[in-house]
Structure formats: structure tokens, C-alpha cells
Amino acid sequence: MSLERIEMSLLHLPFVHHFETSFGREYDRTFLILRACADGVTGYGEVVAAAAPLYSYETTETAWHVLQDFFIPLVFKKNLKDPADVARELNRYRGHPMARAGLELALWDLKAKKEGVSLSRLYGGTRSAIEAGVSIGVQDTPEELVERIGLFLDEGYRRVKIKIKPGWDVRICESIRTAYPHLLLQADANGAYTMADGDHLRQLDAFSLLMLEQVFPPYDLLDHSRLQETIKTPLCLDESITSATTARQALELKSCRIVNIKVGRVGGIVEARRIHDLCEAENIPVWCGGMLESGVGRAHNVHLAALPNFVFPHDISASRRYYREDIVEPPFDITENGMISVPDGPGIGVEVLEDRIQKATHRHQVFKPA
Ligand code: OSB
Ligand code: MG
């Protein structure tokens, strides 16, 4: 088999409800879909970089640029088709993990489809269903947030993550705890605090949070370690964990007790598995974070989350929580007891709806070997 073609599309999809983090409020999402084609089979990957460099320095445009001008030409020049080879060869380039992950994911899907196995089987996953969770953005009022949580609980979600920022934290947790004393609840700051907020943050210990995610900016492993020494709530790192190396450093520094793995943030499945395995060996539980993915990225997350050390509920929700019309069929749904089934068909195990992609596409390009 030789790769015949790689296709890249830039999509815009509106959210069913706005999503607000400490970075700001978003009403839709811009992202890339990659297709790797060989022998009549198409593998799909998603680049989770956003339109603006807020969560990370990557954007959909930087990803388009490095994929078009460096990553895709290298794959054709070296005639690479195995995703593990692609991961290794792309290592010559620095950074741009979301761009490289999108390409690697398309090749994993292609490989699994050609072998006739599901991705989770290819990865050695051990679960047939994974625990869903829902991440709820900042709302206009605490009452609105409490009401929204109620709606998600009615749908079957058993774990809720809220976004916090200075001015939307302790009092919000109080309102939620009054309404739902036993809810599995965690909070994510996306790096909105500094060490000067230590005393304020320790007030969060009163709310039995499952974890507190990314309190300080990404490069701040040391301050997370100092906070973890003085706060009871387990800290979890998201933005800070960019590779197995930073994961090892965070664990040695005791900067967190839990790790959020996102395949885009760490640059692919090979690196995500390294982090998973390292954490497993160090007795650090992991869970799968989300980037508001379309059905393609969501499918990849579901298969990854089937690995054994993914033990906390994930930021993986039903398709309809994000988009009115997902780009895969069947859309992802949750069961009454808050689970999402791992598809057992080949590859990502869901059908990609090319007509829906086309409707949402603003730019499309086909790449072929020279
Ligand atoms: O920090 O986990 C985050 C979405 C976009 C960027 C960063 C984050 C998030 C979420 C949403 O929390 C998770 C999801 O996809 O449901
Ligand atoms: Mg996060």
C-alpha cells in the first residue's frame, strides 16, 4: 500500500450553546479535517487547533501552513504510511503538536480500517464503553449554571466540570454544592490564576472537588507543585503536559496527582500512549480531555479512552451537546448511566458524512505524491 492522497479541509461549525472559558466566549468552532487515502480506503483525523492562539500557540492557520509546507510533503517524500513511522519522522520538526496529531490520527484510522479492526483494539484498549462527562462553560449567572447542570444530569451525565476564573469560582461552587451536594464535580481554570491567589484557591477545598485543573499558566510546573503541597484538592494538569517528558517532570515535581491527556496537545497517539504508560507505572490516573471536537475527533478520543489507565470520567459528551448536526453517523450518544459505547467497527467505527463536511467547509486542498 502506498498513500495516494491526503486531503485537508477547514471547517466552521456553530455550537448549540456558547462555550466560555477564562479565555473568552465562543459561538462556533474552526478546525481542520484530514483524510489519508489508499486503496479506496479513507482514514480521518481532526486538528483541534482553534482560530485564535488562546489555549495554545497553534491556530488552524499555523496548522494548515506546517501541514501543507512541511508535514505532508515529508510523508510523501519518505513514502510513509505507518502512523508510528510518521510520528517518529515528524519529530525532526519542533512544536505544532495539534497539526502533527491530526495527520497521525488519519493514518491510525486508515491502518485500523485496512486491518479490519477498531482503533481501540489496535491500541490495546480494554473497555467497551467509557465514562462520559460534561464540561460546562461560564454562564451569565450562577442560577443559569445550576439549571444547566440539572439538564445534563437529566440526560445521564454523572460528572460535571465547570470552568472557573477569578470572580467565578468559590461562590459558584457554593451554589452548585447547595443544589447538588453529591455531584461528581471538578473545576478547570485554564491557567487564569497566579500564586498570589493561593489563599483564595484553598477555599475550594471546602467543596470536595474531584480535581482542580490547570490553575496556573502552562509553563508553570513549579508553582503547581507549591500549590499542591498546600491544597487538599488533587491538581490535574492539562496545558502543562505537552509530552511524556513534561509529564515525567510534572510527576517528579509533584505538580499534579492526575493527568488530562489530549491527543492533539501532546502531538499524537504515540506520545499519548507514552504518557498513559508512564502515569500507569507511577500510579497516576489519567482521563481524556476534549477540545469540543466534531464526531471525527470525538471518535478518536473514545478509542483512546478505552485504554486501561483512563480511569476518571472524560470530557467526552454526546454529539448533540456540541453540535446540532455532527459530521458522523451514528452521532455519539450517552446511555442512561452516563456511558458512551466504544464503536467496534473498523477504524474510528463511525461513518463520516462527507456532505455535511462539505456544507461546513471554507477551504479544501488535495495533496498528492510528487
Ligand atoms: O481546557 O479542557 C479544556 C475546550 C476547549 C479548550 C480547552 C478545554 C475545553 C473543554 C471542553 O473543557 C471539553 C470538551 O470537549 O467537552
Ligand atoms: Mg482543561
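Structure's up top.
Here is what the cut-offs are and how they apply
- Residues numbered from 1 in each chain as written.
- Chains lettered and ligands numbered in written order.
- Predicted model: local features only at pLDDT ≥ 70, side-chain atom pairs only at ≥ 80, totals over all residues.
- Heavy atoms only, no water.
- Helix = DSSP H or I, 4+ residues; strand = E, 2+ residues; numbered from the N terminus.
- Rg over C-alpha atoms; globule rule 2.2 N^0.38 Å.
- Buried < 20%, exposed > 50% of the residue type's maximum accessible area, 1.4 Å probe, protein only.
- Contact = heavy atoms within 4.5 Å.
- Areas by Shrake-Rupley, 256 points an atom, 1.4 Å probe, with all protein chains shown as cover.
- Lys, Arg positive; Asp, Glu negative; His and termini not counted.
- Charge placed at Lys NZ, Arg CZ, Asp CG, Glu CD.
- Near = heavy atom within 4 Å.
- Polar contact = N/O pair within 3.5 Å; in protein donor to acceptor, adjacent residues only side chain to side chain.
- Nonpolar A, V, L, I, M, F, W, Y, C, P; charged D, E, K, R; others polar.
- Pairing = 2+ DSSP bridges.
- Axes fitted to C-alpha atoms, helices over the stretch in contact; angles between N-to-C directions.
- Core = buried A, V, L, I, M, F, W, Y, C linked by side-chain atoms within 4.5 Å.
- Domains from an automatic or database assignment.
- Parallel < 35°, antiparallel > 145°, perpendicular 65-115°, else oblique.
- Left-handed = near helix turned anticlockwise from the far one by under 90°.
- Expected span 1.5 Å × (residues − 1).
- Phe/Tyr/Trp six-rings, centres within 6.5 Å; stacked < 30°, edge-to-face > 60°.
- Lys NZ or Arg CZ within 6 Å of the ring centre and 35° of its normal.
- Salt bridge = Lys/Arg side-chain N within 4 Å of Asp/Glu carboxyl O.

### Looking at the overall build of the protein chain
Helices and strands together make up the secondary structure of the protein chain, namely 13 helices and 15 strands. Relative to the compact-globule value of 21 Å for 370 residues, the protein chain shows a C-alpha radius of gyration of 20 Å, a close match. In terms of principal-axis extent, the alpha carbons of the protein chain reach across some 60 × 40 × 35 Å. Taken over 370 residues, the protein chain has a buried fraction of 58%. A fraction of 72% describes how many contacts in the protein chain between residues 6 or more apart in sequence connect residues 24 or more apart. For the protein chain, the exposed surface amounts to about 14,900 Å²; the carbon and sulfur share of it is 50%. Where the 42 positive side-chain charges of the protein chain centre and where its 51 negative ones centre are 4 Å apart.

### Things to note about the site of ligand 1
In the vicinity of ligand 1 lie 16 residues, with Ser135, Asp188, Asn190, Leu292 and Tyr322 positioned nearest. Backbone polar atom of Leu292 to an oxygen atom of ligand 1: 2.8 Å apart, as the coordinates give it. With respect to ligand 1, the side chain of Tyr322 contributes an N or O atom lying 2.6 Å from an oxygen atom. In the complex, 96% of the free accessible area of ligand 1, which totals 390 Å², lies under the protein chains. Residue classes in the shell around ligand 1 are distributed as five nonpolar, three polar and eight charged.

### Concerning the sheet that holds strand 5 (residues 134-136)
Read from one edge to the other, the open sheet built from seven strands follows the order 5-6-7-8-9-10-11, with strand pairing classed as parallel. Both edges of this open sheet fall to strand 5 and strand 11 (286-288), since each of them pairs with a single strand only. Each of strand 5 and strand 6 (159-163) touches helix 5 (residues 142-155); the most contacted strand, strand 5, lies at about 165 degrees to it.

### Some remarks on the nonpolar core
The nonpolar side chains of a soluble globular protein tend to be buried with one another. Counting 88 residues, the largest nonpolar core has Ile162, Ile176, Leu204, Val259 and Ile275 as its most contacted members. Both domains that meet at this core, namely domain 1 (5-116 + 350-367) and domain 2 (121-341), each give it at least three residues. Not counting residues within four places of it along the chain, the set of residues in contact with Ile162 comprises Ile136, Leu145, Ile149, Ile172, Cys173, Ile176, Leu185, Gln186, Ala187 and Asp188.

### Quick word on the packing of helix 1 (residues 60-77) against helix 3 (residues 97-115)
The N-to-C vectors of helix 1 and helix 3 enclose an angle of 50 degrees; their axes lie 10 Å apart at closest approach. Viewed along their axes, helix 1 and helix 3 adopt a mutual orientation that is oblique. By crossing handedness, the relation of helix 1 to helix 3 is classed as right-handed. From helix 1, Ala63, Val66, Leu67, Phe71, Ile72 and Val75 reach across to helix 3, where they touch Ala99, Arg100 and Leu103. Considered class by class, the residues forming the contact of helix 1 with helix 3 number eight nonpolar, no polar and one charged.

### Description of helix 3
Its 19 residues give helix 3 an end-to-end C-alpha distance of 26 Å, which sits within 8% of 27 Å, the value for a rise of 1.5 Å per residue. Counting buried positions along helix 3 gives 15 out of 19 residues, so the element sits mostly inside the fold. Where helix 3 terminates, the next one or two residues include Gly116, which has phi positive at roughly 70 degrees.

### Some words on the packing of aromatic side chains
All told, the structure shown has six aromatic pairs when counted by the stated rule. Summarising the aromatic geometry, the rings of Phe71 and Tyr93 are spaced 5.5 Å apart at their centres and angled 35 degrees between planes, so their arrangement reads as tilted. Taken together, the residues Phe71 in helix 1 and Tyr93 in the loop between helix 2 (83-90) and helix 3 connect sequence positions 22 residues apart. Exposure remark for Phe71: the relative accessible area of 1% places this residue in the buried category. Judged by relative accessible area, Tyr93 falls into the partly exposed class, the value being 26%. Where Phe152 meets Tyr157, the ring centres are 5.6 Å apart and the plane angle is 80 degrees; that geometry is what we call edge-to-face. Across the pair, Tyr157 and Phe152 agree in class, each one buried. Aromatic rings pair up to connect Phe15, Tyr322 and Tyr323 into one cluster. Looking at Arg159, its charged tip hangs above the ring of Trp287, at a distance of 5.5 Å from the centre.

### Brief notes about the pattern of salt bridges
All chains considered together, the criterion is met by 31 salt bridges. With its nearest N and O atoms 2.5 Å apart, the salt bridge here joins Lys161 to Asp315. Taken together, the positions of Lys161 in strand 6 and Asp315 in the loop between helix 12 (295-304) and strand 12 (328-329) put the pair 154 residues apart, joining distant regions of the chain. The residues Lys161 and Asp315 share a single accessibility class, namely buried.

### Some thoughts on the packing of helix 8 (residues 221-230) against helix 9 (residues 244-253)
Two elements in contact, helix 8 and helix 9, have axes separated by 9 Å at closest approach and are oriented at 35 degrees. As for the relative orientation of helix 8 and helix 9, their crossing is right-handed in sense. Residues Leu221, Leu222 and Ser225 of helix 8 form the contact with helix 9, whose participating residues are Thr246, Gln249, Ala250 and Leu253.

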